[in-house]
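Commentary on secondary and tertiary structure
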Amino acid sequence: MRDPRVRKIVLFLAALAVCELPAPLVDNNYILQVLFRIALFAALGLAWNLVGGYAGQLSLGHVAFFGLGAYGLAILAAHSVPVWIAVLLAALLATLVAAVIGKIVFRLRGPYFTLATIACGEVLRLTATNLTITNGAIGLTMPAVFTGPWVWKFYYVSAVALATVCFLVNFWTANSRFGFYLMAIREDEDTASAVGVDTANYKLRSLLLSAFLTGLGGALYGSAFQFIVPDSVLNIDVSIQMAIIAMLGGAGTLLGPIVGAVLLLSTSEIFKTQFQESHLLIYGVLIVLVVLFLPEGIVGSLEQRLRHRRNVIQKPATAAPAVSAPEKGR
Amino acid sequence: MTQFLQACMNGLLTGALYALIGMGLALIFGVMRIVNFAHGAFLMVGMYVTFLLFDRLKINPYLGFIGAGIFLFAFGYLVYKLLIQPIRDRSDFMQILMTTGIALILVDSAQLTFGADYRQTNIALINSAAHFGPFTLNSASLLSFAIAAVFIIGLREFVVRSRTGQALRAIAQNRDVAPLMGINVIRIQGISFALGIAFAGIAGGLLLPALYLFPSVGEDYTLKAFVIVVLGGMGSIEGAAIGGLALGVAESLTSTYIGNQWALAIDFVLFLLMLSLKPSGIFGSQRA
Amino acid sequence: MRFAKLIGVIFSAAAFLFLFGCQKDSARNVRVGVITSLTGSQAAFGEAHRNGYAIALDEINSKGGVLGKKLELDTYDDQSKPEQAVQGVSKLVDQDRVPVLLGSYSSESTKAIIPAVNQRQVPLIIPTATADNVMDSKSPWIFRICAGANDYAHATLDFLKANGAPKKIAIVYENTNFGQANRRSMEAAAKEAGMEVVAIESYEAKSPDYKPVLQRVKQANPDVIYLCSYLLDAGTLMRQAQEIDLNPKYYTSAGTGFAAAEFPTAKGAGKNAEYTFSVSQWLPAVQWEGSKQFDAEYFKRFNSHPAYHAIQAYAALLVAADAINKAGSLDSGKIRDSIKVLDLPSTPFGPVHFDANGQNQHPVLITQVQGGEYKIVFPQSAADSKPIIPAPHWSERK
């Protein structure tokens, strides 16, 4: 009775519990830090997924929201705004700027859109480098959101919490009317618009949601590492990393960004300690291999295969439908 | 007024190199619709090739750039065959991902091979200047401008007159019909990619004496190349040339009258303005 | 499926390496933690660090190592990113349990790791970060080998005061952490010294054309130009200064690009480098014992001459080894205490001794390029040549 739903909830809670396990069990701050980054980038990948995956709008400018979250927190807290309120306000600031950026970039499509998002991120980076309020390239010290001997446990738990929120937002999107509109836009924007979907509106809404979550992520990340400069939190590398995480795992899937974050960040850390300066080379080879052989991302490709197999088993008479794009998870 | 004209001229000299970079990307991205995020990395490879020719064989960079062009043509074709062709029909984003991976591999390979050290060629010509009335122009920049002009015109003639060029334009106009007309799309696309990369290499070779060399030197030029292509209008080779020159002048004027720290920002502001106001670019007529 | 398998194989191989890597921690050797930039925008300087460390390491081990054991480096690449440097502290201290840390390269990465180092109560020896906010924390765990941006500004101004006391100064700086930090120091110090700052211009590094920047400086007609240029842009700046015929009486600079071994040679700016003054922390030609040997050894190994970044790294490792030996243990607190009182009167980097704030009182030299070589012209005690002032106009140079 109501079996699938209950099972899903139980499964979700169990997975969450497993994710939280390291917090009480691991005492090594380094491992906690690596796990924090994995969880945080899983959250960022999921936030990106709303725009890049479901709505199919391939943004490479998300670092703008990430950086605004971090800089917003630093500047507000320096003006004695209580830290948690500052985190929230910083994320709202990111959302506000996202509304402006969205107005500019959503008029464009395809690679134009992608390039325009890059430009927005770069303009913010250059502005932060040249302004006094951001202390230019010299950088700002971040307020600590957590203190005490267990900081990294707290940071890790809060990153997992953020990832969970992002996951739930993704889940809701995948199963709501809002999400279906987004996916319609992804499949064919003109048709979606022709059948009465307010495409501009829905794209913007997905961006605002995504920017808010990314801003929270940026604030948390900056605070965890205590010091920010434009070249770290407004670096285009962050945008690319968010996108690669989602695409490697499988854009537009629920689990993809999580798998992508775990794979990419753990391997990059391992490669770095093992191979010193050649780690970027190996990282590059990994990306190339995945693009060549797992085009829908890891989760996307596995899902396709599973679906294919199920179709073959269940309906041997009919051929498996050609799957043109990855669909929502499970 | 003198200052203004001098700034414009300096801008044009730099702009000619931007034009080469932009035309290379216009072939790859504008015409062939391959989103190449490794363009700057290929430019870096061109610089290293030119540098090696200078360092080992004492070949002047203003000759050595030809070697870089030839090498990168072959290298570009190889990369196309191995890595780009298998994904040519995939989404833009798969291409972005792939070319980002290629860029990482190229940059890190350069660092492993040559070290992260900064290198430069110091040739005599770069220190001499030509005077025209109140204006002063660097001789090396003038030479690279002249060379760039030859290649810009050459590429344009190639695209307009040669059979390959015609096939290339046919594909640009309609990718679906071109194969029906007996055009080998894959072959042409491979050649365009290789040619575009070769132009990045040539630009790298010409840039070398004025700049210096390190593994990640190309990074800034990838974005610049896209800005140029969009300024000039997608799919237009001439447009990219004009876009490159315009960008050079815009940067020069910005640093003369506002401050050099905003010169990079002006690239992106222009870019966003252009996309918002006239997405077809200065010259573009067709647009996807 | 085969690629799911492949990824599985890569993953498990990597995991194996990772675990294996953690195992090799042995009681036989003493490990010192190093954070530097092996990749990313500052990789070239990370390389200089690594080379300097390598020479020091061999030297220490050939003399018997520390505490009778072999010394070993445990290096973490911060990818030229501050947050990665912070993670490096955690890796090296929490995971690998090194008793002392060296690094990072840049001021921003170094500034970023200070709270983390403080929390873990491990001594940090800073070889190269010159921005002065690095030493703001006043933490008892932080020690800096190099002189800072304020020292650069003051040394330059002292030199100017003693040599003609010019009135008008223009500052040209690259728009990065290094440039902005040095501009701030100089702007404040020059005003304090009663000079008029007539122009402050910044530029975006790594571009081929700085003539507009220099043209704006020319219009302000300064007596002195103070250039804060990190990279080989120094060569481009001087070449284009010649091109637009910019003729201040003094070209002064905040080191780095203007103090690189190649800068005055044909491989660098060549003749355009003549008469430029620069602050310097070290030169192969300096009087300190062992500096020429260091230069020779470096050249033998790496086929290029070292800039001061390499020897600062070298000195940092010497300090660490000496402190461990004197502490007689691998306890971080004891090592810290022995660094505090450490007094090395003669190293190739000059005397090393830290003040109450953890700063090594390293003398800043003023050099001038004369005849294609760096000559030390200030302070008097270290000088080997007289400064040539004013710099001749470009039209009068050969």
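Criteria and cut-off values
Residues numbered from 1 in each chain as written. Chains lettered and ligands numbered in written order. Predicted model: local features only at pLDDT ≥ 70, side-chain atom pairs only at ≥ 80, totals over all residues. Helix = DSSP H or I, 4+ residues; strand = E, 2+ residues; numbered from the N terminus. Rg over C-alpha atoms; globule rule 2.2 N^0.38 Å. Buried ≥ 20, exposed ≤ 12 C-beta atoms within 10 Å, placed from the backbone. Contact = placed C-beta atoms within 7 Å. Axes fitted to C-alpha atoms, helices over the stretch in contact; angles between N-to-C directions. Left-handed = near helix turned anticlockwise from the far one by under 90°. Nonpolar A, V, L, I, M, F, W, Y, C, P; charged D, E, K, R; others polar. Pairing = 2+ DSSP bridges. Arc of directions from axis to C-beta. Parallel < 35°, antiparallel > 145°, perpendicular 65-115°, else oblique. pLDDT = per-residue confidence, 0-100.

Some points on the overall build of chain B
Across its full length, chain B carries ten helices and two strands. Seen in sequence order, chain B has helices and strands lined up from the N terminus as α-α-α-α-β-β-α-α-α-α-α-α. Relative to the compact-globule value of 19 Å for 288 residues, chain B shows a C-alpha radius of gyration of 18 Å, a close match. Counting only C-alpha atoms and orienting by the principal axes, one finds that chain B spans roughly 60 × 45 × 35 Å. Here chain B holds 288 residues, and 61% of them are scored as buried. Summarising the internal contacts of chain B: among those between residues at least 6 apart in sequence, 78% fall at separations of at least 24.

Regarding the overall build of chain A
A tally of helices and strands in chain A yields 15 helices and two strands. Radius of gyration (C-alpha) of chain A: 20 Å, near the 20 Å computed for a compact globule of 330 residues. Across its three principal directions, the C-alpha atoms of chain A cover 65 × 50 × 45 Å. When each of the 330 residues of chain A is scored for burial, the buried share is 58%. Contacts in chain A between residues at least 24 apart in sequence constitute 76% of all its contacts with a sequence separation of at least 6.

Considerations on the interface of chain A and chain C
How big an interface is tends to be reported as the loss of accessible area on association of its parts. Opposite the 26 residues of chain A that make contact, chain C presents 29 residues. Sorting the residues of the side of chain A that touches chain C by element identifies helix H3 (29–54), helix H13 (256–275) and helix H14 (279–293) of chain A as the ones contributing at least two each. With six residues, H13 of chain A is the single largest residue contributor to the side of chain A that touches chain C.

Some thoughts on the packing of helix H5 (residues 83–105) of chain A against helix H6 (residues 110–130) of chain A
Residue and element names in this part refer to chain A. Between H5 and H6, the shortest axis-to-axis distance is 10 Å and the interhelical angle comes to 145°. You can see that H5 and H6 cross each other, and the crossing is right-handed. Here H5 contributes Ile 101, Ile 104 and Val 105 to the contact with H6, which in turn contributes Phe 113, Ala 116, Thr 117 and Cys 120. Residue composition of the contact of H5 with H6, grouped by class: six nonpolar, one polar and no charged.

Some thoughts on the sheet that holds strand S8 (residues 224–228) of chain C
Residue and element names in this part refer to chain C. With parallel pairing, four strands are arranged side by side in an open sheet as S7-S6-S8-S9. Each having just a single partner strand, strand S7 (196–203) and strand S9 (250–253) make up the two edges of the open sheet. Neighbour to neighbour, the strand axes of the sheet diverge by 20° on average, direction disregarded. Of the strand pairs in this sheet, strand S6 (residues 168–174) and S8 are connected by five bridges, and their pairing is parallel.

Describing the pairing of strand S1 (residues 129–132) of chain B
Residues and elements named next belong to chain B. Alignment of S1 against strand S2 (residues 135–138), held across four bridges, turns out to be antiparallel. Residue pairing across strands places His 131 opposite Thr 136, the latter belonging to S2. Linking two consecutive strands that pair antiparallel, namely S1 and S2, is a turn of two residues; a positive phi of about 55° is found at Gly 133 within it.

Observations concerning the environment of Thr 95 of chain A
Residue and element names in this part refer to chain A. As for its position among the elements, Thr 95 is in helix H5. On the neighbour-count criterion, Thr 95 (21 C-beta atoms within 10 Å) is buried. In sequence terms Thr 95 and Ala 119 are 24 residues apart; their C-alpha atoms lie 18 Å from each other. Residues within four places of Thr 95 in sequence aside, it is in contact with Leu 208, Ala 211, Phe 212 and Gly 215.

Quick word on the interface of chain A and chain B
With 31 residues of chain A at the contact, the number on the chain B side is 34 residues. Contributing elements (two or more residues each) for the side of chain A that touches chain B: H6, helix H12 (236–249) and H14 of chain A. Broken down by element, the side of chain A that touches chain B gets its largest block of residues, twelve residues, from H6 of chain A. Split into classes, the residues belonging to the side of chain A that touches chain B amount to 23 nonpolar, five polar and three charged.

Points about the environment of Ser 266 of chain A
Residues and elements named next belong to chain A. On the secondary structure map, Ser 266 appears in helix H13. With 18 C-beta atoms packed within 10 Å, Ser 266 lands in the partly exposed category. Separated by 231 residues in the primary sequence, Ser 266 and Leu 35 place their C-alpha atoms 8.4 Å from one another.

Notes on the sheet that holds strand S2 (residues 70–77) of chain C
Residue and element names in this part refer to chain C. The strand order across the open sheet built from five strands is S2-S1-S3-S4-S5, with neighbouring strands paired in parallel fashion. Taken across any chain shown, the strands that pair with only one partner, and hence form the sheet edges, are S2 and strand S5 (142–144). Sheet twist, expressed as the mean angle between neighbouring strand axes with direction ignored, is 25°. Direction of pairing for strand S1 (residues 29–36) relative to S2: parallel, over a ladder of eight bridges. By the bridge assignment, Ile 35 is partnered in S2 with Tyr 76. Against the sheet, helix H2 (residues 43–62) engages S1 and S2, with an angle of about 170° to S2.

Remarks on unusual backbone geometry
The general pattern is negative phi for most residues beyond glycine and trans for most peptide bonds. In this structure, the amide linkage connecting Phe 378 of chain C to the following residue, Pro 379 of chain C, adopts the cis form with an omega of -5°. You can see Pro 379 of chain C is positioned in the segment after strand S14 (373–378). In this model, Ile 389 of chain C is joined to Pro 390 of chain C through a cis peptide bond whose omega is -10°. Within the fold, Pro 390 of chain C resides in the segment after S14. Positive phi, normally seen in glycine, also occurs at Asn 135 of chain A, with a value near 60°. By secondary structure assignment, the location of Asn 135 of chain A is in the loop between H6 and strand S1 (140–141). Judged by C-beta crowding, with 20 C-beta atoms within 10 Å, Asn 135 of chain A ranks as buried. Its identity is not glycine, yet Ala 165 of chain C carries a phi of approximately 45°, on the positive side. Among the structural elements, Ala 165 of chain C can be located in the loop between helix H5 (149–162) and S6.

Some points on helix H11 (residues 332–340) of chain C
Among the residues of H11 of chain C, those classed as buried are Ser 332, Ile 335, Arg 336 and Ile 339 of chain C. When H11 of chain C is viewed along its axis, its buried side chains cluster within an angular range of 105° and face the same direction.

Details of the packing of helix H2 (residues 39–57) of chain B against helix H8 (residues 219–232) of chain B
All names here are of chain B. At their nearest, the axes of H2 and H8 sit 7 Å apart, and the two run at 125° to each other. Regarding the angle of H2 to H8, the classification is oblique. Here H2 and H8 pass one another in a crossing that is right-handed. Listed contacts from H8 to His 39, Gly 40 and Leu 43 of H2 are Glu 219, Asp 220, Tyr 221, Thr 222 and Ala 225. A per-class count over the contact of H2 with H8 returns three nonpolar, three polar and two charged.

Topic: helix H8 (residues 233–243) of chain C
Among the eleven residues that make up H8 of chain C, eleven are buried, leaving the element largely enclosed by the rest of the structure. All of the buried residues along H8 of chain C are Asp 233, Ala 234, Gly 235, Thr 236, Leu 237, Met 238, Arg 239, Gln 240, Ala 241, Gln 242 and Glu 243 of chain C. Next to the buried residues of H8 of chain C lie S1 and S2 of chain B together with S6, helix H7 (211–220) and S8 of chain C. Just beyond H8 of chain C, the residue with positive phi is Asp 245 of chain C, at close to 60°.

Considering the environment of Asn 127 of chain B
Among the structural elements, Asn 127 of chain B can be located in the loop between helix H4 (92–114) and S1. Taking the C-beta count within 10 Å as the criterion, Asn 127 of chain B has 18 such neighbours and is therefore assigned partly exposed. Each C-alpha atom, one on Asn 127 of chain B and one on Val 107 of chain B, is 30 Å from the other, the two residues being 20 residues apart in sequence. Beyond its immediate chain neighbours, meaning those up to four positions away, Asn 127 of chain B contacts Arg 239 and Asn 272 of chain C.

Considering the confidence of the model for chain B
Per-residue pLDDT for chain B has a mean of 88; in total, 97% of the residues score no lower than 70. The complex model carries a pTM of 0.89, and its ipTM stands at 0.85.

Focus on the confidence of the model for chain A
Summarising the model, chain A shows a mean pLDDT of 86, and 93% of its residues fall at 70 or more. Long-range and interchain partners of residues 316–330 of chain A, a stretch whose pLDDT sits below 50, account for 20 contacts in this model, where long-range means more than four residues apart.

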